[in-house]
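In case you want the letters, here they are:
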Amino acid sequence: MGDGSLVTERLILRPPVAEDLPWVLEHMNTEGVMRHLAGVRDPEAVAESLAADVYAFHNGGHQRWTVWLRDGAARVGRVGLFHLRSPAAPQDLQGQREIGWTFAEMHWGKGYATEAARAVLTHAFGALTLPVVWSQTSDSNAASTRMMERLGFVRRTELGYVDPDYPPGDNPTTVWSLEASAWSARA
Amino acid sequence: MVGAGMNDVVLTAPRLVLRRIREEDLDPHMALLNTPAVMRHLGGVQPRAVIAAKHAAARESFAAEGFGFMIMEERATGKVVGHCGLRRVAHPLAPNPCDHEIGWLVREDRWRRGYAYEAMRAVVDWGFAVIGAPHIVALTCEANVGSWRLMEKLGMHRRADLDFCDPAEPEPIIQYAITKAQWEAQKS
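Residues numbered from 1 in each chain as written. Chains lettered and ligands numbered in written order. Predicted model: local features only at pLDDT ≥ 70, side-chain atom pairs only at ≥ 80, totals over all residues.

A. Fine view of the packing of helix α2 (residues 43–58) of chain A against helix α2 (residues 48–65) of chain B. Close contact between α2(A) and α2(B) brings their axes to 8 Å; oriented N to C, the two are set at 170°. By the criterion of interaxial angle, the relationship of α2(A) to α2(B) is roughly antiparallel. Across the interface between the two elements, A:P43, A:E44, A:A47, A:E48, A:L50, A:A51, A:V54, A:Y55 and A:H58 from α2(A) touch B:A49, B:V50, B:A53, B:K54, B:A56, B:A57, B:E60, B:S61, B:A64 and B:E65 from α2(B). The residue makeup of the contact of α2(A) with α2(B), split by class, is twelve nonpolar, two polar and five charged. (Axes fitted to C-alpha atoms, helices over the stretch in contact; angles between N-to-C directions. Helix = DSSP H or I, 4+ residues; strand = E, 2+ residues; numbered from the N terminus. Parallel < 35°, antiparallel > 145°, perpendicular 65-115°, else oblique. Contact = placed C-beta atoms within 7 Å. Nonpolar A, V, L, I, M, F, W, Y, C, P; charged D, E, K, R; others polar.)

Below, the structure is given as structure tokens:
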């Protein structure tokens, strides 16, 4: 699709828009979704973050898609291809491309996150020709950790670090990488 | 007053009204403010979706905190002449996301009239006296000379310790700041 959308069997990943805001506030900024992501944020910070996502998408910055069900009007989650910028992360990781995702609780357990992440990785290694994509989580986030393993990410133990922006229970941050060659070998 | 309904006026200045953003402001914003000259140092002309998202963020900011970005209207004509206000630092890479940030843009055919200075004096007064900001910052770049000259005219000081780089921007983003005490001292 020419508008920046990505399509999978069950999902459409669309560029973010201002109209996503009420849904983001209600379904993305919840205790459950934000549990391992430093918690619920101020609504105003969420709104500025969405505006920054929209700006970046159209200005060569990071891309954070809003994931919709293909056969309905419902949004189910978000997947982003960011520039890694956690201040506490090792210098070698700064600015590297990082994938991340959040899905509304009512849509957990259906494989949507994996399906959407695969579409973004195909785009990252295909259209964007990235040599490697990184991802970060913590052992406390078992679902995210399992998903990285399922997607073929390799744990980079030597790059793990303590991030003071997260509580002790969500530390240390674990760092994962997926090489383009490994992705194409699996695909 | 020609344009502004009384209930959404936030601040007034001798020649200007600063009011909350309405749904119907998106078209004039696109036509009058989202132009190559105005947006030259602000990332260039933006798609409609970007401006709509900024308006939504401003509404949410007012709802959550009682301040945000506004539409600048010219009292004499009731026309939209700019966009400005106070918000938490919006740039996702800034090292000081909780600080209060002022920002402004004025349509090209209203430049060199002192509108931005007039508006921002009202905004800074409001930020310190009503909103209770301990200090206020402003973000710009070296190339945007008109922007940082106005920051200096407002009494703001360079804060090189807050400068940062955005990989998507051609040059570093620099910051200015003023404390409540500094603002009050220069007013008297």
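B. Just unusual backbone geometry, in detail. Across the junction of A:N171 and A:P172, the peptide omega takes the value -5°, indicating a cis bond. Mapping A:P172 onto the fold places it in the loop between β7 (154–155) and β8 (173–179). A positive phi angle, near 50°, is found at A:T129, a position not held by glycine. A positive phi is found at B:R112, a non-glycine position, where the angle reads about 60°. Mapped onto the fold, B:R112 is located in the loop between β5 (100–106) and α3 (115–131).

C. Inspection of the sheet that holds β5(B) at higher detail. Residues and elements named next belong to chain B. Taken in spatial order, the eight strands make up an open sheet running β1-β2-β3-β4-β5-β6-β8-β7, and their pairing is mixed. The two strands at the open ends of the sheet, each matched to only one other strand, are β1 (9–12) and β7 (157–158). Summarising the sheet, β5 and strand β6 (residues 135–140) pair through two bridges and their orientation is parallel. Considered in β6, the bridge of H100 is made with I136. (Pairing = 2+ DSSP bridges.)

D. Region of interest: the interface of chain B and chain A. Each side of the interface is counted separately: chain B has 21 residues, and chain A has 23 residues. Here the side of chain B that touches chain A takes twelve residues from α2(B), the largest share from any one element. For the side of chain B that touches chain A, the per-class residue count stands at 13 nonpolar, four polar and four charged.

E. Representation of the environment of B:Q182 in the model. For B:Q182, the position within the fold is in helix α5 (residues 180–187). Expressed as a C-alpha distance, the spacing of B:Q182 and B:E118, which sit 64 residues apart in the sequence, is 18 Å.

F. Main features of the pairing of strand β2 (residues 16–19) of chain B. Residue and element names in this part refer to chain B. The alternating pattern of β2 places L16 and L18 on one face and V17 and R19 on the opposite face, and all of these are buried. Relative to β2, β1 runs antiparallel, the two sharing three bridges. Across the sheet, L11 pairs through a bridge with L18, a residue of β2. Taken together, β1 and the strand that follows it, β2, pair antiparallel across an intervening segment of three residues. In this structure, β2 lies alongside strand β3 (residues 69–74), joined through four bridges in antiparallel fashion. Bridge assignment links R19 to a residue of β3, and that residue is I71. (Buried ≥ 20, exposed ≤ 12 C-beta atoms within 10 Å, placed from the backbone.)

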